[in-house]
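Below are the chains, spelled out letter by letter.
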Amino acid sequence: MKRRIIISLIAGLTMAFGVSALAQDYPTKPITLQVPYPAGGSTDVGARIVAAIAEKDLGKPIVVVNKAGAGGQVGWTELARQKPDGYYLGYINLPHLPAAILDPERKATFKGEDIVPIISQALDPTTISVRPDSPWATLKDLIEDAKKRPGQIAAGIVGYLQDDEIGYLQMAEAAGFQMRLVYFDGAAPAITALLGKHVDVLFCTVADNFAQWKAGRMRMLTIMDKERSKFYPDLPTTAELGFPTVISASTRGIAGPKGIPEPIMKKLQDLFKKTMMTKDHMDKLEGAAHPVKIMVGEEFVKYYWDSFKVAQKWVDYVRKK
Amino acid sequence: MDALQYWILGFSVATLPLNLLYAFIGCVLGTLIGVLPGLGPAAGTAILIPITFGLDPLGGIIMLAAIYYGAMYGGTITSVLVNVPGEAASVITCLDGYQMAKQGRGGPALGIAAIGSFIGGTFATLALMVVSLPLATFALRFGPPEVFALLVVGLSLVTGLSGRSMLAALIMTFFGLMLSMIGMDPVRGAPRFTFGVPPLYDGVGFIPVVMGLFGVGEILLSMEKPVLEVIKTKFTDLLPKRKEWGVSAGAIGRGTVIGFFLGLIPGIGAIIPTFLAYVVEKKVSKHPEKFGTGIIEGVASPETANNSYANAAMVPLLSLGIPGSPTLAVLMGAFIIHGLTPGPFLFKERPDVVWGLIASLYVGNVMLLILNLPLVGLWAKLLEIRYQFLYPGILLFCILGAYSMNQSVFDVGVMIGFGVLGYIFRKLDWPLAPTILALILGPMMERALRTSLEMSAGDITILFTRPISAVLLAVAAIVLISPAIRLLGKRAGKD
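Being a predicted model, the structure only gives us computed values, none of them experimental.

**Student:** Would you take a moment to explain the overall build of chain A for this structure?
**Tutor:** Helix and strand counts for chain A come out as 11 helices and 9 strands. Taken over C-alpha atoms, the radius of gyration comes to 21 Å for chain A, in line with the 20 Å a tight globule of 321 residues would show. The dimensions of chain A, computed from C-alpha atoms along their principal axes, are 75 × 40 × 40 Å. Counted over contacts in chain A with a minimum sequence separation of 6, partners at least 24 positions apart contribute 77%. As presented, chain A carries roughly 13400 Å² of accessible surface, and 57% of it is formed by carbon and sulfur atoms. Treating the 41 positive side-chain charges of chain A as one cloud and the 35 negative ones as another, the clouds have centres 5 Å apart.

In structure tokens:
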């Protein structure tokens, strides 16, 4: 008896989900919002905050699923091959995504055109930090020492050819030094290694190290941006320190597979824009030290393609070496 | 405020009726998540974060913490009853737990697991109050080389786990390590050994493999046998026998200590403490040959270690703001969403939250015990279902679990394939546990080794010149060589 009930329930659900939705009454069923990184990281936290607020407005659940693996590539591969009906969206991270596509070694099965950016949520600049007991009080100290001992100072990098490494490469090229790069699988192990004295310098974003800095366990040297961050109002930017070309950030936003019908796309842009402008969203993101940056539609699409140019340069640079 | 005042503050917050209710809901949900395979504690906690949005920060976090350790216990239930671990930390419990259930002693197995979990969790919570900060700071000295060495110790101990044939155990270990190589290169992201099959880019999933090897393999094996008598469980059989209490007490004590210290080290994961506790128990036992045949120490020690670990792992999170495992990373995300930043500042800024949470860990452990002891009888009743009805149910359960992980039919295929392999390995009497452990630890080992080599610019001696890592590797070498020496000694004695 019980089994019969279960079977009929399953059959009912399948039918309910199988009915194809028309644009005007979109959405008629829950929307999946995929995160290509493990639960608990900055991208995941941002996605869960936006989903919880947007679904109230939408009237249908937004289900956050994690498809972590290979620095986001597993999730984006999955996102690119979904039906463009607006029921499967995912987070993209720039310049991580173009780096995965442009590096031939990674054999990506999707192209930049296969994914269409919808809206950005945060633009999280790369920073350089050290331990509070470190001999380097300023960026200048670190650069001078690194020039004296090429390849000796161990620098923690959060992920291969992500914003952290691209920031390092820009800095290294502009200042003419070389460090010993140690790659980690996300920010948590990289921060642990810095605090445990296994690496001496850390390249990571504001959202990654804000908590440790606030707790007095890190000394910040610079932020790779043109303007100062409101999270670190006393921290000089790379531009101020004489490296205006060193600009790097991890930009996170929502995207869909190519071919989402225009009315649905419009609906999604409006929905997420409205959600992200709410005080609730702003407060929650600020609490998590995520620098909010909302770019909708064309503006985000342009930013997306610009990030390909940046990534191409550094992918080539690394491959040449 | 001194320690006692913090204590009182913590308990006064944690025992507020509403917070008790949140802890209770968390325990129930967590147990359910643990019971369902494919939905591990990390995924389960992440899915349930939004339901805590409406709650006040402490209430939400109490509930999530309760889900976390509830899941640690819930995974045991399926390990014992149907030989399918609900989550990674319960793999080792299958070895003796399921054998006990087959002998009609599922009740005592679940009972001792609940009691051991309670004691381990309680002790770890008390220790957390006293020693958290200095210990957590010391544990930071475990960098990539030390983690690699510790993982090598874990694997070498497990090759001695099955006991009968070192060769078979080594083969199975390397089989697991080879499986763990499939998928994306963990540093550079280039696909390896995937033969162009996209689902393999993410590697061979642990859940389908473990459910195949243990669950499906068991079903295939049982089909050979004539229909078994239905086991009748009397209520008096639900608690361990009098003489078992003594051995269990020792096992619980050792499991608690092992779980606690490993919980302090970030990046170890919940599975190593359970394997280590089991192996240590076997080493100190007067009858090591009986392990794997359904003896109570084989359940008590890993189950204790896993809850002790779960509570101790709060130490690096609360005192340093470092999440030691994926589930704790989710929990940290939840803290952040609720506007709280884990770390030493939290102790100063929000002592009510920190000590309230610590006290609620204690309350939650009591709740889990009260919740689970009476249910043991109910769970044990499941075993009275005739096998021809029970087995299709288990198979369905496995298929659902394998599918729901990634909504992937490919994973179901993987599970069935490994079910057949599990059957063959069991026929050959080759141990399954080393394969599972190697599959889980392989990527962690590769990561740790490669990061170590990046730290030393390719110089392998970094593993031997750092004191902690050198000692650990020496231990691993002794573990691997000692059976050979013993064998040589025996032969020399005969001559």
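**Student:** How do you make sense of the packing of helix 6 (residues 163-175) of chain A against helix 11 (residues 298-320) of chain A when you look at a structure like this?
**Tutor:** Two measures define how a pair of helices packs: the angle their axes make with one another and the distance between the axes. Residue and element names in this part refer to chain A. Contact geometry for helix 6 and helix 11: axes closest at 11 Å, N-to-C directions at 70 degrees. With respect to helix 11, the element helix 6 is oriented roughly perpendicular. In this structure, helix 6 contributes Ile-166, Leu-169, Gln-170 and Glu-173 to the contact, and helix 11 contributes Val-310, Lys-313, Trp-314, Tyr-317 and Val-318. Its residues assigned to classes, the contact of helix 6 with helix 11 comprises 6 nonpolar, 1 polar and 2 charged.

**Student:** Sorry, what's going on with the environment of Asn66(A) here?
**Tutor:** All names here are of chain A. Its place among the elements puts Asn-66 in strand 2 (residues 62-66). For Asn-66 and Thr-238, which are 172 residues apart along the polypeptide, the C-alpha to C-alpha distance reads 34 Å. The residues contacting Asn-66, other than those within four sequence positions of it, are Val-35, Tyr-37, Pro-38, Ala-39, Asp-44 and Arg-48. At 2.8 Å, the side chain of Asn-66 and the side chain of Arg-48 are in polar contact.

**Student:** Would you take a moment to explain helix 8 (residues 206-214) of chain A for this structure?
**Tutor:** Because an α-helix completes one turn every 3.6 residues, residues spaced three or four positions apart along the sequence face the same direction. Inspection of helix 8 of chain A places Val206(A), Ala207(A), Asp208(A), Asn209(A), Phe210(A) and Gln212(A) among the buried residues, and these make up the whole buried set. Gly216(A), located one to two residues past helix 8 of chain A, shows a positive phi value of around 80 degrees.

**Student:** Help me out: how do you make sense of the environment of Ala70(A) in this one?
**Tutor:** Mapping Ala70(A) onto the fold places it in the loop between strand 2 and helix 3 (73-80). On the basis of relative accessible area, Ala70(A) is assigned to the buried category, the value being 16%. In this structure the C-alpha to C-alpha distance between Ala70(A) and Tyr37(A), which are 33 residues apart in sequence, comes to 9.1 Å. With near-sequence residues (within four places) excluded, Ala70(A) lies in contact with Arg106(A) and Met184(B).

**Student:** How should I be thinking about the interface of chain B and chain A in this particular structure?
**Tutor:** One widely used convention gives an interface's size as the accessible area the parts lose upon coming together. Opposite the 41 residues of chain B that make contact, chain A presents 37 residues. Contact between chain B and chain A buries roughly 3500 Å² in total, counting both sides, with carbon and sulfur atoms accounting for 62%. Put simply, chain B and chain A have 0 salt bridges between them. Summed over the shared surface of chain B and chain A, the result is 6 residue pairs in polar contact (both at pLDDT 80 or more). Only helix 3 (41-48), helix 7 (144-159), helix 14 (326-337), helix 15 (344-349) and helix 19 (433-455) of chain B provide two or more residues apiece to the side of chain B that touches chain A. For the side of chain B that touches chain A, the element with the highest residue contribution is helix 14 of chain B, accounting for 5 residues. Partitioned by chemical class, the residues of the side of chain B that touches chain A number 25 nonpolar, 8 polar and 8 charged.

**Student:** Explain the nonpolar core here, please?
**Tutor:** If you look at soluble globular proteins, the nonpolar side chains tend to sit buried side by side. Membership of the largest hydrophobic core comes to 178 residues, with the highest contact counts inside it found for Met314(B), Phe335(B) and Ile436(B). Broken down by element, the residue count for this core peaks at 17 residues, all from helix 4 (residues 57-82) of chain B. Excluding residues within four positions of it along the chain, Met314(B) makes contact with Ala65(B), Tyr68(B), Leu128(B), Leu328(B), Leu331(B) and Leu361(B). Formed by 40 residues, the second largest nonpolar core is a distinct cluster that contains Leu79(A), Phe110(A), Ile260(A) and Tyr304(A).

**Student:** Would you take a moment to explain the domain arrangement of chain A for this structure?
**Tutor:** Residues and elements named next belong to chain A. Domain annotation of chain A identifies domain 1 (2-123 + 250-320) and domain 2 (125-223). Between the C-alpha centres of domain 1 and domain 2 there is a distance of 29 Å. Contacts between the two partners involve 21 residues from domain 1 and, on the opposite side, 14 residues from domain 2. Buried area between domain 1 and domain 2, both sides added, is near 1500 Å², and the carbon and sulfur share of it is 67%. On the domain 1 side of the contact with domain 2, Ala-289, Trp-314 and Val-318 bury the most area, a combined 33% of that side's loss. There are 0 residue pairs in polar contact (both at pLDDT 80 or more) connecting domain 1 and domain 2. At the level of elements, helix 4 (96-102), strand 9 (249-257) and helix 11 are the ones that each hand at least two residues to the side of domain 1 that touches domain 2.

**Student:** I would appreciate a short explanation of a nonpolar patch on the surface in the present structure.
**Tutor:** All names here are of chain B. Together, Leu-18, Leu-21, Phe-24, Ile-25, Val-28 and Leu-32 make up an exposed nonpolar region whose accessible area comes to about 490 Å². Relative to the helices and strands, Leu-21 resides in helix 2 (residues 17-35). For Leu-21, a relative accessible area of 43% gives the class partly exposed.

**Student:** Looking at this structure, how should I read the packing of helix 7 (residues 187-195) of chain A against helix 8 of chain A?
**Tutor:** Residue and element names in this part refer to chain A. At a minimum axis separation of 10 Å, helix 7 and helix 8 run at an interaxial angle of 40 degrees. Compared by their axis directions, helix 7 and helix 8 come out oblique. Both helix 7 and helix 8 take part in a crossing whose hand is right-handed. Each of Ala-187, Ile-191 and Leu-195 in helix 7 lies in contact with helix 8, whose residues at this interface are Asp-208, Asn-209 and Gln-212. Here the contact of helix 7 with helix 8 is built from residues that sort into 3 nonpolar, 2 polar and 1 charged.

**Student:** Is there a simple way to think about the pattern of salt bridges in this case?
**Tutor:** All names here are of chain A. A full pass over the atoms with the stated rule returns 28 salt bridges over all chains. Residues Asp-145 and Arg-149 are paired through a salt bridge, measuring 3.1 Å at the closest nitrogen-oxygen approach. When its relative accessible area of 17% is taken as the criterion, Asp-145 is described as buried. The partly exposed category is assigned to Arg-149, whose relative accessible area is 35%. Residues participating in the shared-partner salt-bridge network are Arg-131, Asp-133, Lys-197 and Asp-200.

Calculation rules
Residues numbered from 1 in each chain as written. Chains lettered and ligands numbered in written order. Predicted model: local features only at pLDDT ≥ 70, side-chain atom pairs only at ≥ 80, totals over all residues. Heavy atoms only, no water. Helix = DSSP H or I, 4+ residues; strand = E, 2+ residues; numbered from the N terminus. Rg over C-alpha atoms; globule rule 2.2 N^0.38 Å. Contact = heavy atoms within 4.5 Å. Areas by Shrake-Rupley, 256 points an atom, 1.4 Å probe, with all protein chains shown as cover. Lys, Arg positive; Asp, Glu negative; His and termini not counted. Charge placed at Lys NZ, Arg CZ, Asp CG, Glu CD. Axes fitted to C-alpha atoms, helices over the stretch in contact; angles between N-to-C directions. Parallel < 35°, antiparallel > 145°, perpendicular 65-115°, else oblique. Nonpolar A, V, L, I, M, F, W, Y, C, P; charged D, E, K, R; others polar. Polar contact = N/O pair within 3.5 Å; in protein donor to acceptor, adjacent residues only side chain to side chain. Buried < 20%, exposed > 50% of the residue type's maximum accessible area, 1.4 Å probe, protein only. Buried area = accessible area lost by both parts, 1.4 Å probe. Salt bridge = Lys/Arg side-chain N within 4 Å of Asp/Glu carboxyl O. Core = buried A, V, L, I, M, F, W, Y, C linked by side-chain atoms within 4.5 Å. Domains from an automatic or database assignment. Patch = residues over 30% accessible without salt bridge, like charges linked within 9 Å, V, L, I, M, F, W, Y side chains within 5 Å. Left-handed = near helix turned anticlockwise from the far one by under 90°.

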